[in-house]
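The chain contents come next:
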Amino acid sequence: MPGAYAEDAAWRRAVAFALVDGAAKLAAVDPARHGIADLGRPEGWLDRQTPKYRKLLHGYRDDPAYREGESPEVDRVADWLAAHTPKGGATGIVHGDLQFANVMFAHDAPELAAIVDWEMASLGDPLLDLAWILTAWREKDDPPGSEPQFQPWDGVPGRAELVAYYGESTGRDVNGFRWYQVLACFRLAALLEGGYARALAGRMNRRMGEVLHAYAGWLWAKARQEMDRE
């Protein structure tokens, strides 16, 4: 993170809010008005998430080498998600991979300039985008074993402050946000484990696959931590 982003904690604080603002503004877009009502199938979107990614994770088990290192949390987290799936939920555009790697910031101000990489976009519950952003956050009580995506990290507001800010910006009830945070960890871990499975099969760099697997392990731990807050 070059320039003032690296040198000024106030810029890092501002850019965190700018990223969440981007998610809030995207959530406010009316897909029908902009001709993209066919981007996805919003009916039953929340109910489909857990079985879809559980099936993906179970599919990796065809490789005995993958089974040896598979996290024991997979079905525990999936069962919890299935048992606590919210009823209803908002409908809007979901970017699906909203994170620091897929946005651009201005050089001369701590402002969001663009959101890129829309290949996972769909119609569903936009609260997932906020949860996805916050999988990249690190706080002192988080499970060990994963560093922030950029350094230094001081000045960056905590998850709770950003969730409250999103709720105020969108008018959305965020009291049930914990479920979305667990879902984001579950989905992202499932995708990362796909890279690990490809690496075991020789279709991806093995070292990179192990890095992805380690990050997935942290996400399983974070999901369990959120579940245990009950």
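In case you missed it, the structure is sitting above this.
Residues numbered from 1 in each chain as written. Predicted model: local features only at pLDDT ≥ 70, side-chain atom pairs only at ≥ 80, totals over all residues. Heavy atoms only, no water.

**Re the overall build of the protein chain**
From N to C terminus, the protein chain includes nine helices and four strands. The C-alpha atoms of the protein chain give a radius of gyration of 18 Å, which matches the 17 Å a tight globule of 230 residues would have. Overall, the C-alpha framework of the protein chain stretches about 50 × 40 × 35 Å when taken along its three principal axes. The buried share among the 230 residues of the protein chain stands at 48%. (Helix = DSSP H or I, 4+ residues; strand = E, 2+ residues; numbered from the N terminus. Rg over C-alpha atoms; globule rule 2.2 N^0.38 Å. Buried < 20%, exposed > 50% of the residue type's maximum accessible area, 1.4 Å probe, protein only.)

**Regarding the packing of aromatic side chains**
Going through the model one piece at a time under the given rule, you end up with 11 aromatic pairs. Residues Phe-17 and Tyr-165 carry aromatic rings whose centres are separated by 4.9 Å and whose planes lie at 70° to one another, so their mutual orientation is edge-to-face. Separated by 148 residues along the polypeptide, Phe-17 in helix α2 (residues 9-27) and Tyr-165 in helix α7 (residues 159-170) bring together distant segments of the chain. Given the relative accessible area of 24%, Tyr-165 is considered partly exposed. Ring plane angle 85° and centroid distance 5.2 Å describe the contact between Trp-179 and Tyr-180, whose orientation is recorded as edge-to-face. For Tyr-180, a relative accessible area of 4% gives the class buried. When the ring centre of Trp-218 is taken as origin, the NZ or CZ atom of Arg-138, which lies over that ring, is 3.7 Å away. (Phe/Tyr/Trp six-rings, centres within 6.5 Å; stacked < 30°, edge-to-face > 60°. Lys NZ or Arg CZ within 6 Å of the ring centre and 35° of its normal.)

**Concerning helix α3 (residues 45-59)**
For α3, built from 15 residues, the straight-helix expectation of 21 Å at 1.5 Å per residue is met to within 8% by its first-to-last C-alpha distance of 21 Å. Within α3, burial applies to Trp-45, Leu-46, Gln-49, Thr-50, Tyr-53 and Leu-57. On an axial view of α3, the arc spanned by its buried residues comes to 145°, and they lie on one face. Those residues of α3 that are exposed and aimed more than 90 degrees away from the buried face are Lys-52 and Lys-55. (Expected span 1.5 Å × (residues − 1). Arc of directions from axis to C-beta.)

**Some words on unusual backbone geometry**
Although it is not a glycine, Asp-117 adopts a positive phi angle of roughly 60°. Position of Asp-117 relative to the elements: it lies in the loop between β3 (112-115) and β4 (122-124). The exposure class of Asp-117 is partly exposed, given its relative accessible area of 33%.

**Digging into helix α9 (residues 206-227)**
Residues three or four positions apart in an α-helix share a direction because the helix packs 3.6 residues into each turn. Across its 22 residues, α9 extends 31 Å between first and last C-alpha, which sits within 8% of the 32 Å expected from 1.5 Å per residue. Listed as buried for α9 are Gly-209, Leu-212, His-213, Tyr-215, Ala-216, Trp-218, Leu-219, Trp-220, Lys-222, Ala-223, Glu-226 and Met-227. Contacts made by the buried residues of α9 are with α3, α4 (64-69), α5 (74-84), α7 and α8 (177-200). Measuring from the backbone nitrogen of Arg-207 back to the side-chain oxygen at the start of α9 gives 3.0 Å, which picks out Asn-205 as the cap. (Contact = heavy atoms within 4.5 Å. Polar contact = N/O pair within 3.5 Å; in protein donor to acceptor, adjacent residues only side chain to side chain.)

**A look at the pattern of salt bridges**
With the rule as written, the count across this model stands at 17 salt bridges. For Asp-79, the salt bridge identified is with Arg-54, shortest N-O distance 2.9 Å. Of this pair, Asp-79 sits in helix α5 while Arg-54 is found in helix α3, placing the two residues 25 residues apart along the sequence. Its relative accessible area of 43% is what places Asp-79 among the partly exposed residues. (Salt bridge = Lys/Arg side-chain N within 4 Å of Asp/Glu carboxyl O.)

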